[in-house]
Amino acid sequence: MTQQFSKNPPPVEIGSSQWTRPFWDAARQQKLVAPRCVACGTFRMPPTPFCPRCRSQEIDWVTLSGRGLVYSYTVVVKAILPGMEDCIPYMPAVIELPDASGVRLISNIVDADPAHIRIGQTVQVVWHTLPDGEVVPRFKCCAAQEDMT
Amino acid sequence: MSRSHPIRNKTAIVGVGATPYYKRGRSEPQTLDELAEKAIIAAVEDAGLKMADIDGFASFGGGFDTPLLCEALGIPEIRYSAIVTGTGGGSAGSVGLAASAVISGMANTVVCVGGLQQNVQRYGTLMAAYPASPENAFFMTSGLFTPGHMFALLARRHMHLYGTTREQFGEVAISTRENAVRHPEALMRTPLTIDEYMASPLIADPHCLYDFCLESDGCVAVIVTSAERARDLQQLPVYVRAAAQGGASEWGRALYWMNMPDPVFASSGHETVARQLYEMADLKAKDIDVALLFDHFSSQVIMQLEDYGFCGRGEGGPFVQSGAIRWQGGSIPVNTHGGHLSSAYLWGMTHVREAVEQLRGAAVNQVAGANFALITGGPSSLPVSALILGRTI
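Residues numbered from 1 in each chain as written. Chains lettered and ligands numbered in written order. Predicted model: local features only at pLDDT ≥ 70, side-chain atom pairs only at ≥ 80, totals over all residues.

1. A few points about the overall build of chain B
Here's step 1: For chain B, the count of helices and strands is 13 helices and 12 strands.
Here's step 2: The C-alpha radius of gyration computed for chain B amounts to 19 Å, which stays within 12% of the reference 21 Å derived for 393 residues, consistent with globular compactness.
Here's step 3: Projected onto its principal axes, the C-alpha positions of chain B cover 55 × 50 × 40 Å.
Here's step 4: Taken across its 393 residues, chain B has 61% of its residues classed as buried.
Here's step 5: The contacts of chain B with a sequence gap of at least 6 include a subset with a gap of at least 24, amounting to 78%. (Helix = DSSP H or I, 4+ residues; strand = E, 2+ residues; numbered from the N terminus. Rg over C-alpha atoms; globule rule 2.2 N^0.38 Å. Buried ≥ 20, exposed ≤ 12 C-beta atoms within 10 Å, placed from the backbone. Contact = placed C-beta atoms within 7 Å.)

2. Looking at the overall build of chain A
Here's step 1: Counting secondary structure elements, chain A contains 2 helices and 7 strands.
Here's step 2: Relative to its length of 149 residues, chain A is compact, with a C-alpha radius of gyration of 16 Å against a globular reference of 15 Å.
Here's step 3: Dimensions of chain A along its principal axes, counting C-alpha atoms only, are 55 × 35 × 25 Å.
Here's step 4: Counting across all 149 residues of chain A, residues that qualify as buried make up 34%.

3. Comments concerning the packing of helix H5 (residues 147-162) of chain B against helix H10 (residues 298-307) of chain B
Residue and element names in this part refer to chain B.
Here's step 1: The N-to-C vectors of H5 and H10 enclose an angle of 55°; their axes lie 9 Å apart at closest approach. Accordingly, the angle class assigned to the pair H5 and H10 is oblique. The way H5 lies across H10 gives a crossing that is left-handed. Across the interface between the two elements, Phe151, Leu154, Ala155 and His158 from H5 touch Ser299, Gln300 and Met303 from H10.
Here's step 2: Along the lines of polarity and charge, the residues of the contact of H5 with H10 split into 4 nonpolar, 3 polar and no charged. (Axes fitted to C-alpha atoms, helices over the stretch in contact; angles between N-to-C directions. Parallel < 35°, antiparallel > 145°, perpendicular 65-115°, else oblique. Left-handed = near helix turned anticlockwise from the far one by under 90°. Nonpolar A, V, L, I, M, F, W, Y, C, P; charged D, E, K, R; others polar.)

4. What to know about the nonpolar core
Here's step 1: Ranked by internal contacts, the top residues of the largest apolar core, which has 165 residues, are Val95, Val110, Val222, Val224 and Leu389 of chain B.
Here's step 2: Leaving out residues up to four positions away in the same chain, Val222 of chain B has contacts with Ile13, Gly15, Val16, Ala43, Val95, Cys112, Val352 and Val356 of chain B. (Core = buried A, V, L, I, M, F, W, Y, C linked by C-beta atoms within 7 Å.)

5. Notes on the interface of chain B and chain A
Here's step 1: Listed as interface residues are 30 residues of chain B and, on the opposing side, 30 residues of chain A.
Here's step 2: At the level of elements, helix H4 (137-140), H5 and strand E6 (202-204) of chain B are the ones that each hand at least two residues to the side of chain B that touches chain A.
Here's step 3: Counting residues per element, the side of chain B that touches chain A draws most heavily on H5 of chain B, at 6 residues.
Here's step 4: Here the residues of the side of chain B that touches chain A sort into 15 nonpolar, 11 polar and 4 charged.

6. Examining the pairing of strand E11 (residues 372-377) of chain B
Residues and elements named next belong to chain B.
Here's step 1: With respect to burial, E11 is a largely interior element, 6 of its 6 residues being buried.
Here's step 2: By the alternation rule, side chains of E11 split into Phe372, Leu374 and Thr376 and Ala373, Ile375 and Gly377, which are all buried.
Here's step 3: As judged from the 6 bridges shared by E11 and strand E12 (residues 384-390), these two strands associate in the antiparallel manner. From the neighbouring strand, Gly377 faces E12, where its bridge partner is Ser385. (Pairing = 2+ DSSP bridges.)

7. Structural notes on the pairing of strand E3 (residues 67-73) of chain A
Residue and element names in this part refer to chain A.
Here's step 1: Among the 7 residues in E3, 5 count as buried, and that is most of the element.
Here's step 2: In this structure, E3 lies alongside strand E6 (residues 122-129), joined through 3 bridges in antiparallel fashion. Bridged to Gly68 within E6 is Val123.
Here's step 3: By the bridge criterion, 4 bridges tie E3 to strand E4 (residues 91-97) in an arrangement that is antiparallel. Each bridged residue has a counterpart across the sheet, and for Ser72 the counterpart in E4 is Val94.

8. Regarding unusual backbone geometry
As a rule of thumb, non-glycine residues mostly have phi less than zero, and peptide bonds are mostly trans rather than cis.
Here's step 1: Residue Met45 of chain A is joined to Pro46 of chain A through a cis peptide bond whose omega torsion reads -5°.
Here's step 2: Structurally, Pro46 of chain A is set in the loop between strand E1 (33-37) and strand E2 (59-63).
Here's step 3: Across the junction of Glu28 of chain B and Pro29 of chain B, the peptide omega takes the value 10°, indicating a cis bond.
Here's step 4: The topology assignment puts Pro29 of chain B in the loop between strand E2 (22-23) and helix H1 (32-47).
Here's step 5: We note that Gln30 of chain A has phi near 60°; this positive angle belongs to a residue other than glycine.
Here's step 6: We note that Asp282 of chain B has phi near 55°; this positive angle belongs to a residue other than glycine.
Here's step 7: With respect to the element layout, Asp282 of chain B can be found in the loop between helix H9 (271-281) and strand E10 (290-292).
Here's step 8: We classify Asp282 of chain B as partly exposed; it has 15 C-beta atoms within 10 Å.

9. Here we look at the confidence of the model for chain B
Here's step 1: With 98% of its residues at a pLDDT of 70 or more, chain B shows a mean pLDDT of 96.
Here's step 2: In the model output, the complex is listed with pTM 0.96 alongside ipTM 0.95. (pLDDT = per-residue confidence, 0-100.)

10. Focus: H5 of chain B
In an α-helix there are 3.6 residues to a turn, and that puts residues three or four apart on one side.
Residue and element names in this part refer to chain B.
Here's step 1: With 16 residues, H5 should reach 22 Å at 1.5 Å per residue; the first-to-last C-alpha distance of 22 Å fits that figure.
Here's step 2: For H5, the tally of buried residues reaches 14 of 16 residues, placing the bulk of the element in the interior.
Here's step 3: A positive phi of about 80° marks Gly163, the residue just after H5. (Expected span 1.5 Å × (residues − 1).)

11. Brief notes about the environment of Gln235 of chain B
Here's step 1: As for its position among the elements, Gln235 of chain B is in the loop between helix H8 (227-230) and strand E9 (238-246).
Here's step 2: When residues no more than four places from it in sequence are discounted, the contact partners of Gln235 of chain B are Val14, Gly15, Asp46, Ala47 and Arg360 of chain B.

12. Side note on the packing of helix H6 (residues 166-181) of chain B against H10 of chain B
Residues and elements named next belong to chain B.
Here's step 1: At their nearest, the axes of H6 and H10 sit 8 Å apart, and the two run at 95° to each other. In terms of their interaxial angle, H6 and H10 are classed as roughly perpendicular. When H6 is examined against H10, the residues Gln168, Phe169, Val172 and Ala173 are found in contact with a partner set consisting of Ser298, Ser299, Val301 and Ile302.
Here's step 2: Residues that form the contact of H6 with H10 fall into these classes: 5 nonpolar, 3 polar and no charged.

13. Some thoughts on H10 of chain B
Residues and elements named next belong to chain B.
Here's step 1: Counted residue by residue, H10 has 10 buried out of 10 residues, so it is predominantly covered.
Here's step 2: Those residues of H10 that fall on the buried side of the exposure criterion are Ser298, Ser299, Gln300, Val301, Ile302, Met303, Gln304, Leu305, Glu306 and Asp307.
Here's step 3: Phi turns positive one or two residues past the end of H10, at Gly309, with a value near 75°.

Take a look at the structure:
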């Protein structure tokens, strides 16, 4: 049986607000950013209008290294919507961002053998352009780990 | 000396009614409203009340159109109409709403009704139907289109933290199926073996087909009135011992957020509601005789057993594997009606019905001497909810 490497999930339309648009704009520049409260330094994800710790609305958009840790993942192997067949298998994953105090991004692990993914392993951001021109972060296993497998 | 609480034993469920349970789409040409009306008529009859006695509605998950129900059923006057916010998490909580309305004097006799008809929107593809929003961009872009995808992430984390296995998820599916096999109203009545479970292809790793609830149509209604009035009616009163809803912001939007800290991430989000519920009831897990746990996914049964203190955090896998949730020989029989996994998925309301039947002593898979039943409403975004019903005060 041919090994199936994880693909990109089906494209969706991205909704945004004044608080989330900077994240997607940075993604178009292939920069992974996270909002940090100017007043108290707390990171949050996804972006919201207030810092949940101190209620400040001032944000620093911090550019991150793009390195992440796999916090959890699933492998979607069944197409449940029309047109999804070509995207199977894909791997939704919760990615912890160590240089944003460990806040998590819901994303995907792409180009990976699902059997070799482990919680806690290091991944690096890659960029995927959707048909409408929006760009979304995905993650790939780091080279060192690929060698190990 | 028992601590008192204003909700405890002041109200009771006096009537329960249900439509047949249908596989998804098989309830047509009836409409969802018609199914709700049939369940209400059956509940009123079961209670020995007249339709004119109904003066309130409590529901959840968007609820029903109250004036339409009144018009269809000939209910002359309504004094209360309320819905628990959120989705399936409010099923048990709707009974709490009804109890609070009766205790406060806003209404005398309140119907709680819930159910589903999935001919238009399959819940298994729910998120894909959402219009684009700033919030859902952060999970829809990853292809998380269904609760099944999302809860798989929690299950996988639970396996990582505690060593929980697929065989242990399988025991939940198999023990629930065993209960359904003996129940004439359950939709899935063929026994399931661990070999069949393990051989079933994964849908969203680590969940396979048997870890998912069914897709069903139907409605269930229960009637809540004062304990005093209940004692004059024809059924054995089933007392509302405690009812709680809400949850911690650490759980919050949960599946749509995925920033819950450990160990909350790999939980059912019910921990604070469980604590509140037991305090209200002045009971502990060991006092519960039968647990009707919202089983949209087998893994979430394991996490609720932990949140409700039937076992320690992280011990849910070995706990179920020991046979603890089996109807025969288990220390806490779970989902004796066959649950969402094998009886029917009506958004938690079959669990309320089963609790009433257990405490009346009239359940198909009767737990001998059952005095207290725990019922939970869906682990999902807040609020989640729970209920303890009692045969005795």
